[in-house]
Amino acid sequence: MAARPLLLICSFVTCLFAILLVYSQTAAFAWDEGYHILAAQLIAHGRRPYLDFFFPQTPLNAWWNAAAMRLFGETWREVHALSAVVTAGTILLAADFVYTRFPVAGWRLPGAIAAALLIGLQANVIEYTTTGQPYALCMFLIVAAFRVSVLAVGRGDLVATAAAGLLASAATASSLLVSAAPAVLLVWILRRAGPRLGRLATFLGGAVVPFLPVLWLFARSPRQVFFNLFEYHLFYRRANWEDATSHDWKVLSSWLTSPQALVLGLLAAAGLWYCTQLPEFSLCGWLALAIGAELCVTHPTFEWYFVLVIPFLAILAVAGLYAVCSRMCPRVPPAWPVALLLLVVSLGSAKSLYADRNAFSWPDLEAVARKVDEVTPRGAPLWADEHIYFLTRRPPAEGTEVAYAEVIDLPAGLASKLHIVPLDELDRRAAAGMFGTVSTCEESEQIEELELPRLFLHSAAVGACHVFWSPLLR
């Protein structure tokens, strides 16, 4: 990059990073990040995923956050800040790609800024890539794999080919939601003229590296690793969720009522038509299609999963914006449509973020954790949500590291091996006075069903959560 465009792009990305960082420290919260961030803490304390606790995810993001906790401390704030940094890195990679690869010189700088805002100001990106979930790391790694794959084909470089395999596999080791992407990149690399066997072996050699720790765990206990990574997702993710299919259809049709999604999708479609003769841009389309198709057949699926295709759609959308403007208003400077796009995306994000405000926040749960610490002696058994274990730094009760596992119906021997304890058994233990404290943010109906008020001498409401202590049968 030339010095001035580089400064402008970096300045714009820095502004987006500031937005992401502020949001990460003030409003970012996803309920499911609780078990991700708890897993990282357990790993930081020497526990092993799958072998020592149930964790139905590929583990790279948890290891990444565990390493960060050892360096910077075990707080949700540093995990969120790190996610914001990684997301900003993704934005910069995409913007740099547009600036260096877009064929129309006059649109390179405006296009780079447009790509950055189309990623960094998407509401779902702001909400979910600033949490402890794996979206930020996975998105960065798959965009980096795309960039290195382009480099590998352009130079015929086997080192870059190995790096592409490593990065693509690392993205999958962060989240199985992008498991189709390495295959797309491998096929694209193999299409280059010349001997293919060396490129295939090199790519696969790099791809093995991120999964070496998983293979080591698999060698120690194949049944546990296979269940966590495959069997759970194939057969148990929809346990006790009768309307999961209707939920999926609602998610997959939600783009029809989202101005942001419509703008991004339509511009990306126009960009794909324009870029039919630009192989690197076409690769963005193939990656978006492959990952998007995988997300569509993931049941249940969720809107925020689709943040993983946004960088590739954003790159194509820049080409689409150019194609539309060059035909409809060829004399208008590129800065004007980019400014209009900034206004539309910003307003759309502001509306979505306001409408989708979380019922909980980390400060809310910190208040719950303080109450738990106040009433629970150190060493006393605690049954709580994953977030509370993390905040209090207390060991989770057996089988409560991932609350979703409590509804899985498995033979007792297999459940014990997988570190899964059914909800009925946890309820029985609570009724027998085996927990000194129970903390829950469930709705009142669930609390009444567990009969917690009659099992404990004391209770307190902390926001929308409840804490029960001093069991009557102890």
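Residues numbered from 1 in each chain as written. Predicted model: local features only at pLDDT ≥ 70, side-chain atom pairs only at ≥ 80, totals over all residues. Heavy atoms only, no water.

## Re the packing of aromatic side chains
Scanning the entire structure with this criterion turns up 26 aromatic pairs. One aromatic cluster in this structure is built from Phe97, Phe102, Trp107, Phe146, Tyr274, Phe281, Phe312 and Tyr322. (Phe/Tyr/Trp six-rings, centres within 6.5 Å; stacked < 30°, edge-to-face > 60°.)

## Considering the sheet that holds strand E2 (residues 437-440)
Strand order in the open sheet formed by four strands is E1-E2-E4-E3, with mixed pairing between adjacent strands. Edge positions in the sheet fall to strand E1 (382-383) and strand E3 (456-462), since each of these pairs with one other strand and no more. Where E1 and E2 come together, two bridges link them in parallel fashion. Bridging across to E2, Trp383 finds its partner in Val438. (Pairing = 2+ DSSP bridges. Helix = DSSP H or I, 4+ residues; strand = E, 2+ residues; numbered from the N terminus.)

## Quick word on the packing of helix H2 (residues 33-44) against helix H3 (residues 60-72)
For the pair H2 and H3, interaxial distance at closest approach is 8 Å and the crossing angle is 60°. As far as their axial angle goes, H3 and H2 are oblique. Where H2 crosses over H3, the handedness of that crossing is right-handed. Each of Ile37, Ala39, Ala40, Gln41, Ile43 and Ala44 in H2 lies in contact with H3, whose residues at this interface are Ala62, Trp63, Asn65, Ala66, Met69 and Arg70. For the contact of H2 with H3, the class distribution of residues is nine nonpolar, two polar and one charged. (Axes fitted to C-alpha atoms, helices over the stretch in contact; angles between N-to-C directions. Parallel < 35°, antiparallel > 145°, perpendicular 65-115°, else oblique. Left-handed = near helix turned anticlockwise from the far one by under 90°. Contact = heavy atoms within 4.5 Å. Nonpolar A, V, L, I, M, F, W, Y, C, P; charged D, E, K, R; others polar.)

## Some details on the packing of helix H5 (residues 108-120) against helix H17 (residues 335-355)
Where H5 contacts H17, the two axes come as close as 10 Å, and the packing angle between them is 5°. One way to sum up the angle between H5 and H17 is to call them roughly parallel. Counted together, Pro110, Ile113, Ala114, Leu117 and Leu118 of H5 and Val338, Leu341, Leu342 and Val345 of H17 form the full contact between these two elements. Split by residue class, the contact of H5 with H17 holds nine nonpolar, no polar and no charged.

## Some thoughts on the pairing of E3
Looking along a regular strand, one sees side chains alternate from face to face of the sheet. Judged from the six bridges that link them, E3 and strand E4 (residues 465-471) form a sheet pairing that is antiparallel. Residue Ser459 lies in a different strand from E4, and its bridge partner there is Phe468. Between the antiparallel neighbours E3 and E4 lie two residues, among them Gly463 with a positive phi of about 65°.

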